[in-house]
Amino acid sequence: MPLTRSLDDATVVITGASSGIGATTAYALARRGADVVLAARSEEALHRVADRCRRLGGRALVVPTDVTDPESVERLAARATAEFGRIDAWINNAAVTAVGLFDEIPVAEFRRVVEVNLLGTVHGTKAALRRLEAAGGGVLVNNASVLAEVAMPYQSAYNATKHGIRGLADTVRQELRVTGRNNVSLCTVLPASIDTPFFRHAANHSGREVTPPPPVYPPELVAETIVRLLQRPRREAYAGGAARLLGLQWRLAPALVERMLGWYTARTQFGPGVRLAATGNVFRPDAAAESTDGWHGRRRQLVRMTAFGLAAAGTAVGTVAAISRRTRTGRW
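Reading guide: rules and limits
- Residues numbered from 1 in each chain as written.
- Predicted model: local features only at pLDDT ≥ 70, side-chain atom pairs only at ≥ 80, totals over all residues.
- Heavy atoms only, no water.
- Core = buried A, V, L, I, M, F, W, Y, C linked by side-chain atoms within 4.5 Å.
- Buried < 20%, exposed > 50% of the residue type's maximum accessible area, 1.4 Å probe, protein only.
- Helix = DSSP H or I, 4+ residues; strand = E, 2+ residues; numbered from the N terminus.
- Salt bridge = Lys/Arg side-chain N within 4 Å of Asp/Glu carboxyl O.
- Pairing = 2+ DSSP bridges.
- Axes fitted to C-alpha atoms, helices over the stretch in contact; angles between N-to-C directions.
- Parallel < 35°, antiparallel > 145°, perpendicular 65-115°, else oblique.
- Left-handed = near helix turned anticlockwise from the far one by under 90°.
- Contact = heavy atoms within 4.5 Å.
- Nonpolar A, V, L, I, M, F, W, Y, C, P; charged D, E, K, R; others polar.
- Phe/Tyr/Trp six-rings, centres within 6.5 Å; stacked < 30°, edge-to-face > 60°.
- Lys NZ or Arg CZ within 6 Å of the ring centre and 35° of its normal.

Q: Run through the nonpolar core, naming residues and quoting values.
A: Of all hydrophobic cores here, the largest spans 57 residues; its most connected members are Val 12, Ile 14, Leu 29, Leu 38, Cys 53, Val 141 and Leu 230. Broken down by element, this core gets its largest block of residues, seven residues, from helix α1 (residues 20-31). With 32 residues, the next largest nonpolar core counts Ala 80, Leu 132, Leu 140 and Ala 169 among its residues.

Rendered as structure tokens:
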């Protein structure tokens, strides 16, 4: 079911709200008059996001939160309820990543990515469900990325957590249905590459500059997708045409698309610069409150869209050929 209240009378909790998609979603909701509860590790960055939300017309509460700590997430939920009386929607958005070959990513960093992305979503979901039910219903949105459905090399920890988030959402949604708790909707959003500081903040063991694989979409696209889910919930929603196309191709010919996407992203997620190994923001927050990172320039986007279009066309041809071959041989 959708929000039981209109957005201009709703209280929405957002984790990972200090930059990127989280901050942009907070701005989109503030413009609509919502009360936003901003959670992330960096209090300094959260206050900058909150100031802008207030200028846009919404009320904002800053709650520094480490989503890997279930007690910290419970305090977040309690503060939101104490300040605004209820929680109408909760957006699990906090995420970090470690880039590099699987056998080169330190185990401590891999574990931390799992703790932030997957267990952070677990803790948020547990805290949210009880409050949403107490409010008479609401919407829970998990940001899972298109990498919850497909995969790309050098992102093993991130891929694993995003697949886990999607599976978690599917299971909890089933449990809500079979236990008759139909007043809570659980939605999963699957964005394509988004122009945020996420890639610059990644732990990096590749030896190269990390860049978002094209095409790259603005974070406002994801924010508006999330807003629509709050108003009209669905099981899943893609953000960006490339995400939808990749999902379709992966379902039609997974082995072929796995090879093609591996080849494509191995060549497009790195820039020309050399980088020393770094832990990025995996263990320590970044104080910046930036929504974008300059990847969605018009000229850059045209080049990226052209490159992706060529790759997608080649994949589509291969997909059709694979389906035809499988149909003739009867082997799937």
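Q: Lay out the pattern of salt bridges in plain terms, naming residues and giving numbers.
A: Counting across every chain of the model gives 14 salt bridges. For Glu 236, the salt bridge goes to Arg 166, with nearest N and O atoms at 2.7 Å. Placement of Glu 236 in strand β12 (residues 236-239) and of Arg 166 in helix α5 (residues 156-178) is noted, with a sequence separation of 70 residues between them. A single network of salt bridges, built from pairs that share partners, joins Asp 9, Arg 86 and Asp 88.

Q: Which residues make up the sheet that holds strand β4 (residues 89-92), and what values go with them?
A: A sheet is described by the order of its strands in space; here seven strands give the open sequence β3-β2-β1-β4-β6-β7-β12, paired in parallel fashion. The open sheet has two free edges, formed respectively by β3 (59-64) and β12, since each of these has just one partner strand. This sheet shows a mean twist of 20° between the axes of neighbouring strands, independent of strand direction. In this sheet, β12 lies alongside strand β7 (residues 184-191) in parallel orientation, the contact comprising four bridges.

Q: How would you summarise the packing of α1 against helix α6 (residues 219-231) if you had to cite specific residues and measurements?
A: Between α1 and α6, the shortest axis-to-axis distance is 8 Å and the interhelical angle comes to 55°. Regarding the angle of α1 to α6, the classification is oblique. Relative to α6, α1 is oriented so that their crossing is right-handed. Together, Gly 20, Ile 21, Thr 24, Thr 25, Ala 28 and Leu 29 of α1 and Pro 219, Glu 220, Val 222, Ala 223, Glu 224, Ile 226, Val 227 and Leu 230 of α6 make up the contact between the two elements. Tallied by class, the residues present in the contact of α1 with α6 amount to nine nonpolar, three polar and two charged.

Q: Explain the packing of aromatic side chains to me, using residue names and the numbers behind them.
A: Scanning the entire structure with this criterion turns up four aromatic pairs. A ring pair is formed by Tyr 158 and Phe 198, whose centres lie 5.4 Å apart and whose planes are at 50°; its orientation type is tilted. Taken together, the positions of Tyr 158 in helix α5 and Phe 198 in the loop between β8 (193-194) and β9 (203-204) put the pair 40 residues apart, joining distant regions of the chain. For Phe 198, a relative accessible area of 21% puts it in the partly exposed group. With 5.7 Å between their ring centres and 85° between their planes, Phe 198 and Phe 199 make a pair best called edge-to-face. On the basis of relative accessible area, Phe 199 is assigned to the buried category, the value being 13%. Grouped by ring-pair contacts, the aromatic residues Tyr 158, Phe 198 and Phe 199 constitute a single cluster. Cation over ring: Arg 52 sits above Tyr 27, and NZ or CZ is 4.2 Å from the ring centre. One cation-aromatic arrangement involves Arg 208 over Phe 270; the distance from NZ or CZ to the ring centre is 4.0 Å.

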